[in-house]
Amino acid sequence: MKLTQSVSRLRRQAKAMSRDNAVPLHVALDTIAQQNGFARWSLLIAQNPQLTPPEQFFALMSPGDLTLIAARRNQGKTRFALDLSRLAARAGLWTKIYSFEFTEAELRNHLTTEDADDAIALNCSDEVSAQTIADDLAQAGRPSFILIDYMQALDHQRSKPDLGTQLEILKTAAQDHSAIICLISQIDRAFDDSDKRFPDIDDLRLPNPIAPHLFSVGAFLNKGSVTFQTVQP
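Residues numbered from 1 in each chain as written. Predicted model: local features only at pLDDT ≥ 70, side-chain atom pairs only at ≥ 80, totals over all residues. Heavy atoms only, no water.

> Can you walk me through the overall build of the protein chain in this structure?
If you tally the helices and strands in the protein chain, you get 8 helices and 7 strands. The C-alpha atoms of the protein chain give 17 Å as radius of gyration, which agrees with the globular expectation for 233 residues (17 Å, within 12%). Dimensions of the protein chain, computed from C-alpha atoms along their principal axes, come out at roughly 50 × 45 × 35 Å. Counting every position in the protein chain, which comprises 233 residues, the buried fraction comes to 50%. Taken as two groups, the 24 positive and 28 negative side-chain charges of the protein chain have centres that lie 6 Å from each other. (Helix = DSSP H or I, 4+ residues; strand = E, 2+ residues; numbered from the N terminus. Rg over C-alpha atoms; globule rule 2.2 N^0.38 Å. Buried < 20%, exposed > 50% of the residue type's maximum accessible area, 1.4 Å probe, protein only. Lys, Arg positive; Asp, Glu negative; His and termini not counted. Charge placed at Lys NZ, Arg CZ, Asp CG, Glu CD.)

> Sorry, what's going on with the side chain of S62 here?
Locating S62 in the fold gives a position in the loop between α4 (53-60) and β1 (66-71). For S62, a relative accessible area of 11% translates into the label buried. Reaching out from S62, the side chain makes a polar contact with the side chain of R11 at a distance of 3.4 Å. The contact partners of S62, leaving out residues within four places of it in the chain, are R11, L25, L29, A179 and I180. (Polar contact = N/O pair within 3.5 Å; in protein donor to acceptor, adjacent residues only side chain to side chain. Contact = heavy atoms within 4.5 Å.)

> Honestly, the pairing of β1 in this entry has me stumped. Any pointers?
Here β1 lies mainly inside the structure; 6 of its 6 residues are buried. Residues L66, L68 and A70 point to one face of β1 and T67, I69 and A71 to the other, with burial holding for every one of them. Note that β1 and strand β5 (residues 179-186) share 6 bridges and pair parallel. Across the sheet, residue T67 finds its bridge partner in β5, namely C182. As judged from the 4 bridges shared by β1 and strand β6 (residues 217-222), these two strands associate in the parallel manner. In the strand pairing of β6, T67 is matched with V217. (Pairing = 2+ DSSP bridges.)

> I would appreciate a short explanation of the packing of aromatic side chains in the present structure.
A ring pair, where both rings are aromatic, is described by two values, the distance of the centres and the angle of the planes. This model, assessed by the stated rule, comprises 2 aromatic pairs. Ring plane angle 50 degrees and centroid distance 6.0 Å describe the contact between F57 and F80, whose orientation is recorded as tilted. Pair noted here: F57 is in helix α4 and F80 is in helix α5 (residues 77-90), with a separation of 23 residues, a long-range link. An identical accessibility class is assigned to F57 and F80; each is buried. Seen from their ring centres, F57 and F228 are 5.5 Å apart, and the 5 degrees between their planes marks the pair as stacked. With F57 in helix α4 and F228 in strand β7 (residues 225-230), this residue pair connects regions lying 171 residues apart in the sequence. Aromatic ring contacts, followed pair by pair, group F57, F80 and F228 into a single cluster. (Phe/Tyr/Trp six-rings, centres within 6.5 Å; stacked < 30°, edge-to-face > 60°.)

> How should I be thinking about the sheet that holds strand β4 (residues 144-149) in this particular structure?
Pairing between the strands of a sheet comes from backbone hydrogen bonds, and it takes one of two forms, parallel or antiparallel. Pairing is mixed across the open sheet formed by 7 strands, whose spatial order is β3-β2-β4-β5-β1-β6-β7. Of all the strands in the sheet, the pair left with one neighbour each is β3 (120-123) and β7. Between one strand axis and the next, the sheet turns by 20 degrees as a mean value, whatever way the strands run. By the bridge criterion, 6 bridges tie β4 to β5 in an arrangement that is parallel. Residue pairing for β5: I148 is matched across the bridge by L183. Here helix α6 (residues 104-111) sits on the sheet in contact with β2 (94-99) and β3, set at roughly 155 degrees to β3. Each of β1, β4 and β5 touches helix α8 (residues 163-176); the most contacted strand, β5, lies at about 150 degrees to it. (Axes fitted to C-alpha atoms, helices over the stretch in contact; angles between N-to-C directions.)

Structure representation (structure tokens):
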């Protein structure tokens, strides 16, 4: 079904509906989707050929969300995540990338050709923890987008809380400060795409248990394709 209005305009309508009727944003988004012939907002986004996959994923997110970009190695998740960060910066969100994988110079090299580069802050320190990020969001004082590369590295140092505890801190910070926090995640080596085309949240490579319900939606990549999976409505 072809949309008669842009996704950004429909999203503004949903935000106004959420505010005026005191209903959760995801309920308003689904209502707007149904008015346009789609059962859910996620289906409206997924079936809109006007949007690139990062644009589709960005449109699925709301302030307060904890989200995932997950794939095995060399599946394009870093490129996908950087494109997502550029979209957030261009949308006017305070945007910051925390990376345990790259130096600041390496990240800048990836970002130099984009107009939004100067709007994306970077922190590549191994000392970063969930509390560091929560403190930065409190100081930012505005709607924000945070990218963490990568989730499993948050608790590599024994002095930091375990991963599950840090995700709880991040979820609270996202809700308190109207932020979207997106974490790049590794996939367990046992994942076999002969059994299913894409990994899902059950295939995350985890050092210790986490609460999956903390996440709202994930982008799961494999062999040049991506699927969006709602973890919690």
